[in-house]
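A look at the structure
As a plain string of letters, each chain reads:
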Amino acid sequence: MLNGIYDKGDCFLTVHAGAGGTEACDWAQMLLRMYTRWCERHGFKAEVLDVLEDEGGIKSATVEVKGEYAYGYLKGEAGVHRLVRISPFDANARRHTSFSSVYISPVLDDSIDIVIKPEDIRIDTYRSGGAGGQHVNKTDSAVRITHFESGIVVQCQNERSQIMNKDMAFKMLRSRLYEYYKAKKEEENARHAIAKKDISWGSQIRSYVFQPYTLVKDLRTGFEKGNINAVMDGDLDEFIETFLRWYQDQGLSE
């Protein structure tokens, strides 16, 4: 089931909070922890490359997941994740629905030629954020790259030098552009027409319900699990394997 060109390699995993303020940012942070715990369970290394913190959680974060078949296992996690719970931020204890997006792209080797022309991008530098103290940079070492055609924005503030952050940001951009052009090609391919809605980036792929009952359900495969605490602690293997079987049955294997 892991027969894709890049399934065996590393990947970038990005989480974005949806609309909803503090509630959505908390949900994004919960998802980031879930994937970090999954990586720990499997001996994968998850290195945080960029994180944009917000009150109550994070607006976005990007990690590089290093390990054999990291992309193959995690590629099915791309999409919109929906949370339903009694919000801890609501004094009236009302039920809230929040959304966060997850994006997965492969770390490309040097043999893949993704052309990035200087006139197609804008590079901005800024000062890295952080908890304070000696580890916060005093110079504009963080790098943000905007690709005009696709609208993709990547940024890195993990490394201490601007040059290293710039190199990593370009590595992330090449990865994201590969997925972008691949998706455009798939849209033109009639073989994917039936399943296109299910595998597209903007689709809701999974619901996590804390109240009035506990349930995690994958909306593509129909697989569900009642132990939501275990799932949020990184127990994703059954969801991942069920997706890979469904992906293969749909004739979508590369």
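What counts and what doesn't
- Residues numbered from 1 in each chain as written.
- Predicted model: local features only at pLDDT ≥ 70, side-chain atom pairs only at ≥ 80, totals over all residues.
- Heavy atoms only, no water.
- Helix = DSSP H or I, 4+ residues; strand = E, 2+ residues; numbered from the N terminus.
- Buried < 20%, exposed > 50% of the residue type's maximum accessible area, 1.4 Å probe, protein only.
- Areas by Shrake-Rupley, 256 points an atom, 1.4 Å probe, with all protein chains shown as cover.
- Contact = heavy atoms within 4.5 Å.
- Salt bridge = Lys/Arg side-chain N within 4 Å of Asp/Glu carboxyl O.
- Pairing = 2+ DSSP bridges.
- Axes fitted to C-alpha atoms, helices over the stretch in contact; angles between N-to-C directions.
- Expected span 1.5 Å × (residues − 1).
- Arc of directions from axis to C-beta.

Moving on: the overall build of the chain. Per the secondary structure count, the chain includes 6 helices and 11 strands. Counting every position in the chain, which comprises 254 residues, the buried fraction comes to 46%. Total accessible area computed for the chain in this model is approximately 12,800 Å², and 49% of it derives from carbon and sulfur atoms.

So, about the side chain of N165. In this structure, N165 sits in helix α3 (residues 162-187). Among the residues examined, N165 registers a relative accessible area of 0% and is labelled buried. Excluding residues within four positions of it along the chain, N165 makes contact with S141, A142, V143, C156, Q157, N158 and E159.

Let us now look at the pattern of salt bridges. Applying the stated rule across the entire model yields 17 salt bridges. Between D235 and K225 there is a salt bridge; the shortest N-O distance is 2.7 Å. With D235 in the loop between α5 (228-232) and α6 (237-249) and K225 in strand β11 (residues 224-225), the pair connects residues that are 10 residues apart, well separated along the chain. Per residue, the accessibility class of D235 equals that of K225, and both read buried. Here the salt bridges share partners, and the residues they tie into one network are R33, R37, E40 and D233.

Across 4 bridges, the pairing between strand β7 (residues 142-147) and strand β8 (residues 153-156) is antiparallel. Considered in β8, the bridge of R144 is made with Q155.

Moving on: the sheet that holds strand β9 (residues 204-209). Backbone-to-backbone hydrogen bonds join strands into a sheet, with any given pair of strands oriented parallel or antiparallel. With mixed pairing, the 8 strands of this open sheet are ordered in space as β2-β3-β1-β5-β4-β9-β10-β11. If you trace the sheet from one side to the other, it starts and ends with β2 (45-54) and β11, each paired once. As paired strands, strand β4 (residues 79-86) and β9 are joined by 5 bridges and run parallel to one another. Within the sheet, the bridge partner assigned to R82 lies in β9 and is S207. Against the sheet, helix α1 (residues 22-41) touches β1 (11-17), β2, β3 (57-66), β4, β5 (95-106) and β9, its axis set at about 45 degrees to β5.

This part is about α6. For α6, built from 13 residues, the straight-helix expectation of 18 Å at 1.5 Å per residue is met to within 8% by its first-to-last C-alpha distance of 18 Å. What α6 keeps buried is the set F239, I240, F243, L244, W246 and Y247. End-on view of α6: buried residues confined to an arc of 165 degrees, all on one side of the axis. A positive phi of about 75 degrees marks G251, the residue just after α6.

This part covers the sheet that holds β7. Read across the open sheet, the 3 strands follow the order β6-β7-β8; overall the sheet is antiparallel. Across the chains shown, the open sheet's two edge strands, defined by having one partner strand only, are β6 (121-126) and β8. The average undirected angle you get between the axes of adjacent strands in this sheet is 15 degrees. Two elements, β6 and β7, share 6 bridges in a ladder whose sense is antiparallel. Looking at β7, one finds that D124 is bridged to R144.

The subject of this paragraph is the pairing of β5. Pairing of β1 with β5, which is carried by 7 bridges, proceeds in the antiparallel orientation. Note that in β5 the partner of C11 across the bridge is P106. Relative to β5, β4 is paired through 8 bridges, and the arrangement is antiparallel. Each bridged residue has a counterpart across the sheet, and for L83 the counterpart in β5 is S98.

All right, on to α1 then. The terminal C-alpha atoms of α1 lie 29 Å apart, and with 20 residues this matches the ideal 28 Å at 1.5 Å per residue to within 8%. Phi for G43, located one or two positions after α1, is positive at around 75 degrees.

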